[in-house]
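# Analysis of the macromolecular model
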Amino acid sequence: MTNTPLDRRTFLELLGAAVSTVAFPCAARAQAAEARPPNIVLIFADDMGYGDLGCYGHPLIRTPHLDQMARDGVRLTSFYAAAPVCSPSRAALLTGRYPVRCGMPGNTGPGSEKHLPESELTIANLLKSRGYRTMAVGKWHLGHQRPEVLPTGRGFDAWYGLPYSNDMRKPFVQTDEPLKLYRDTEPIEYPVNQNTLTERYTEEAVKFIEAGDEAPFFLYLAHSMPHLPVSTSEQFEGKSDGGLYGDVIETIDWSVGRIREALAKKGVSDNTLIVFTSDNGPWLDLPDRMLNENVERWHGGSPGPLRGAKGTTWEGGMRVPMIACWPGCIPAGTRNAQVASTMDILPTLAGIAGVAPPTDRTLDGQDILPLLQGEAESPHEYFYYFRGEHLQGVRHGAWKLRREDKDGDAELFHLGRDPRELYNVAEAHPELTKDLLARMRGFEREVRKP
Ligand code: MG
């Protein structure tokens, strides 16, 4: 047979397809994703510090499953929660927008009517529109007074978990409202047995994975731990050299292993993206109200080499571990120091699932799949640090400008040379300091626009 031009083209096309399948399995996946996008498991720890995992340098707490996940994927070292406390951080994660923009700059709690505005679109809304089965397991903390503002009203087919933080009850908080465990819109248990909560969340998550059919799924597993008061079951208590807090982190690590095992058993490991991160830094310097029911001052986690903790815009309050694993699409065993945040997760998942992110509002996040693949730098020239409605800082490359109060002096730090934010070098860099202050003022004006 002679080679006609057509034959040659067909051959080259076939060769091209074969090469791209081998060298760029993710590109082939992307084509397949048009027909059937990948499953997504998003695991969100509560108040887990930057330094709490073995793969982020903790000397005592053992996290073999998360360490393995990091070896199988990418580990980010400049990844940020969008707020240093729970509700705003969750709002930003699920909407891809700064908390001041999505109407949730502060926490909600038992007696509060506050909730994520119903005009906001969540990751679950987007993925559901693409045919995903969706489930939320664990802490919600984005409003609870009406069924419409619970997870099942915000794009999730099902929910099993707590409406807000595990300390939002007597004796930690002055409220007559008991903390209740919900299934969908119905309370099913109170008082809640918190010792077994992580294990029960995990079993719910595993059941959801096992019940899978042809449709892709999105599982949002938002652990209530290690938020204080920390507790775990007999199976884990007293096992970690890191004390009770270590026991709790090791329980969460076990949970990650159990979920990956369920994915493997179901035969979907290769077609599932798993992301693991935390909503804010560790809770240190406890208020006295927390010293009840055997809670001790040392029950908080570790910010690792960073300054500050939960509730602050120092790095330790907002920089969190982030591990992403997607065999064949994200290179195994990589580490990435580019700046990214939880707000990037919505646009990234939208891109992966092939669904258009909303265009009628400003998204602060961007699709960071190329960054996770090590093929692109951060799409963010500036990252802003908010505490409630107050803009306290901005990061630009390795530089961070921070001021506690609007009228206070701004301090400039180089996070590469000085990760602990100890040495203010603003005087040595007056132009940069001026420029970053102007950036902050400009961004403040922008987000306050109606
Ligand atoms: Mg939290």
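Residues numbered from 1 in each chain as written. Predicted model: local features only at pLDDT ≥ 70, side-chain atom pairs only at ≥ 80, totals over all residues. Heavy atoms only, no water.

### So, the overall build of the protein chain
When helices and strands are tallied, the protein chain shows 11 helices and 16 strands. Its C-alpha radius of gyration of 22 Å places the protein chain within 12% of the 22 Å reference for a compact globule of 450 residues. Dimensions of the protein chain, computed from C-alpha atoms along their principal axes, come out at roughly 85 × 60 × 45 Å. Looking at the protein chain as a whole, 56% of its 450 residues qualify as buried. Long-range pairs, those at least 24 residues apart, make up 69% of the contacts in the protein chain between residues at least 6 apart in sequence. Accessible surface for the protein chain amounts to roughly 18,700 Å². Of this, 51% is attributable to carbon and sulfur atoms. (Helix = DSSP H or I, 4+ residues; strand = E, 2+ residues; numbered from the N terminus. Rg over C-alpha atoms; globule rule 2.2 N^0.38 Å. Buried < 20%, exposed > 50% of the residue type's maximum accessible area, 1.4 Å probe, protein only. Contact = heavy atoms within 4.5 Å. Areas by Shrake-Rupley, 256 points an atom, 1.4 Å probe, with all protein chains shown as cover.)

### Focus on the packing of helix H3 (residues 64-72) against helix H7 (residues 243-266)
Running from N to C, H3 and H7 point in directions that differ by 55 degrees, and their axes come no closer than 7 Å. It follows that H3 is oblique to H7 by the angle criterion. The segment H3 lies against H7, with Pro64, His65, Leu66, Gln68, Met69 and Asp72 engaging Asp253, Trp254, Val256, Gly257 and Arg260. For the contact of H3 with H7, the residue count by class is five nonpolar, three polar and three charged. (Axes fitted to C-alpha atoms, helices over the stretch in contact; angles between N-to-C directions. Parallel < 35°, antiparallel > 145°, perpendicular 65-115°, else oblique. Nonpolar A, V, L, I, M, F, W, Y, C, P; charged D, E, K, R; others polar.)

### A word on the confidence of the model for the protein chain
In the predicted model, the protein chain carries a mean pLDDT of 93, and the fraction of residues at 70 or more is 92%. Contacts of residues 1-24 to residues separated by more than four positions or lying in other chains number six contacts, the stretch itself having pLDDT below 50. (pLDDT = per-residue confidence, 0-100.)

### Notes on the sheet that holds strand S13 (residues 383-387)
Spatially, the four strands line up as an open sheet ordered S13-S14-S15-S16, and their pairing is antiparallel. Each of the sheet's edge strands pairs with one partner strand only, and the pair in question is S13 and strand S16 (411-414). Pairwise comparison of adjacent strand axes, ignoring direction, gives a mean angle of 20 degrees for this sheet. In this sheet, S16 lies alongside strand S15 (residues 399-402) in antiparallel orientation, the contact comprising four bridges. What sits directly across from arginine 402, in S16, is glutamate 411. Against the sheet, helix H11 (residues 430-448) makes contact with S13, strand S14 (390-396), S15 and S16, and its axis sits at roughly 130 degrees relative to S14, the strand it touches most. (Pairing = 2+ DSSP bridges.)

### So, unusual backbone geometry
Looking along the chain, the bond that leaves methionine 225 and enters proline 226 is cis, with omega of 0 degrees. Within the fold, proline 226 resides in the loop between strand S8 (217-222) and H7. Phi at histidine 141 takes a positive value of approximately 65 degrees, unusual for a residue other than glycine.

### Focus on the sheet that holds strand S4 (residues 133-138)
Strand order in this open sheet of 10 strands is S7-S6-S5-S4-S8-S1-S9-S10-S2-S11, and the pairing throughout is mixed. Single-partner strands in this sheet number two, and they are strand S7 (186-189) and strand S11 (334-336). Each strand axis lies, on average, 15 degrees off the axis of its neighbour in the sheet, ignoring direction. Bridge analysis of strand S1 (residues 39-45) against strand S9 (residues 272-278) gives seven bridges, and the strand direction is parallel. Within the sheet, the bridge partner assigned to phenylalanine 44 lies in S9 and is threonine 277. The strands touched by helix H9 (residues 345-353) are S1, S8 and S9; relative to S9, the strand with the most contacts, the crossing angle is about 180 degrees.

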